[in-house]
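These are the residues of each chain, in order.
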Amino acid sequence: MPTSRNALLLIAAVSIALVGAALYLQHAKDMLPCPLCVIQRYLFLGIAVFSLIGAFANKIKALGTLALLCALGGLGVVGKHLYVLAHPGFSCGIDPMETVLNKIPTATLLPWLFRADGLCEAAQDTVLGLNVPQWSAVWFAILTLALIWVLVRRAR
């Protein structure tokens with residue numbers, strides 16, 4: 001049975017790998033990220049950062065809770081993204097959210113990672129049978145359950 005620390009390290013590694021996969025799809029497959037995709041990247045990185053700090057600082061409960069909040073936020077954002085995909089004509093398109101996201105310091109310093117360029121309703125290309133937002137939903141759900149497991153195990 002893995003320790004809480006090892007579980008947090010695995011959660012961080014998975015989160016970073018998912019952002020790496022998103023970058024691969026963006027730069028190698030020309031799948032431009034929309035504003036909701038960029039927010040999901042921030043949340044995956046939030047999970048990774050809080051999990052890493054929690055594991056190394058031995059603050060598993062406090063930082064695991066912050067990572068869990070990022071995962072739950074990710075479920076909310078990806079839920080909105082799936083709603084946009086399920087309702088053609090409902091667009092997040094070029095709107096104030098994209099403008100604001102692209103002016104955040106991280107987006108201006110690291111545009112290859114955090115610049116929103118795509119349309120949310122354009123995320124129809126599939127990878128192994130699911131589109132990218134559907135995969136995000138699966139992974140946010142898995143990470144949420146893993147973080148709950150870590151926190152419940154820690155509470156005992």
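Details of the structure are given in the entry above.
Treat the numbers as computed from the prediction; the structure is a model and nothing was measured.

Cut-off values and rules
- Residues numbered from 1 in each chain as written.
- Predicted model: local features only at pLDDT ≥ 70, side-chain atom pairs only at ≥ 80, totals over all residues.
- Heavy atoms only, no water.
- Phe/Tyr/Trp six-rings, centres within 6.5 Å; stacked < 30°, edge-to-face > 60°.
- Helix = DSSP H or I, 4+ residues; strand = E, 2+ residues; numbered from the N terminus.
- Buried < 20%, exposed > 50% of the residue type's maximum accessible area, 1.4 Å probe, protein only.
- Axes fitted to C-alpha atoms, helices over the stretch in contact; angles between N-to-C directions.
- Parallel < 35°, antiparallel > 145°, perpendicular 65-115°, else oblique.
- Left-handed = near helix turned anticlockwise from the far one by under 90°.
- Contact = heavy atoms within 4.5 Å.
- Nonpolar A, V, L, I, M, F, W, Y, C, P; charged D, E, K, R; others polar.

Sorry if this is basic, but what is going on with the packing of aromatic side chains here?
Two aromatic rings are characterised by how far apart their centres lie and by the angle between their planes. For the structure shown, the criterion picks out 1 aromatic pair. Taken together, a centroid distance of 4.0 Å and an interplanar angle of 5° make the contact between F44 and F140 stacked. Here F44 is found in helix α2 (residues 35-57), whereas its partner F140 is found in helix α7 (residues 132-155), with 96 residues between them in sequence. Exposure remark for F44: the relative accessible area of 6% places this residue in the buried category.

So what exactly am I meant to see when it comes to the packing of helix α1 (residues 4-27) against α2 here?
Pairs of packed helices are described in terms of their axes, by the angle between the two and the distance that separates them. Interhelical geometry of α1 versus α2 gives an angle of 155° and a closest axis separation of 8 Å. Relative to α2, α1 is oriented roughly antiparallel. Where α1 crosses over α2, the handedness of that crossing is left-handed. Between α1, through R5, L8, L9, I11, A12, S15, I16, L18, V19, A22, L23 and Q26, and α2, the contact on the second element is made entirely by R41, F44, L45, I47, A48, S51, L52, G54, A55 and F56. Its residues assigned to classes, the contact of α1 with α2 comprises 16 nonpolar, 4 polar and 2 charged.

I keep staring at the environment of S4 and nothing clicks. Help me out?
Within the element layout of this structure, S4 appears in helix α1. Residue class for S4 comes out buried when judged on its relative accessible area of 6%. Through-space distance from the C-alpha of S4 to that of R153 is 7.4 Å; in sequence the pair is 149 residues apart. Those residues in contact with S4 that lie beyond four places of it in its chain are I60, V150, R153 and R154.

What is the right way to look at the side chain of Q40 in this model?
Residue placement: Q40 occurs in helix α2. When residues no more than four places from it in sequence are discounted, the contact partners of Q40 are V77, V78, H81, S136 and F140.

Would you mind showing me how to read the side chain of S51 here?
On the secondary structure map, S51 appears in helix α2. Judged by its relative accessible area of 0%, S51 falls in the buried class. Once residues lying within four places of it in the same chain are set aside, the contact partners of S51 are L8, I11, A12, A67 and L147.

Explain the environment of Q134 to me, please; I cannot follow it from the model alone.
With respect to the helices, strands and loops of the structure, Q134 is situated in helix α7. Here Q134 falls in the partly exposed class, since its relative accessible area comes to 31%. For the pair formed by Q134 and G79, sequence separation is 55 residues and the distance between their alpha carbons is 9.1 Å.

Help me understand the packing of α2 against helix α3 (residues 60-86) in this model?
Two elements in contact, α2 and α3, have axes whose closest approach is 8 Å; the angle formed by their N-to-C orientations is 165°. In terms of orientation, α2 lies roughly antiparallel with respect to α3. The element α2 and its partner α3 pack so that their crossing is left-handed. Per-class residue counts for the contact of α2 with α3 are 16 nonpolar, 7 polar and 1 charged.

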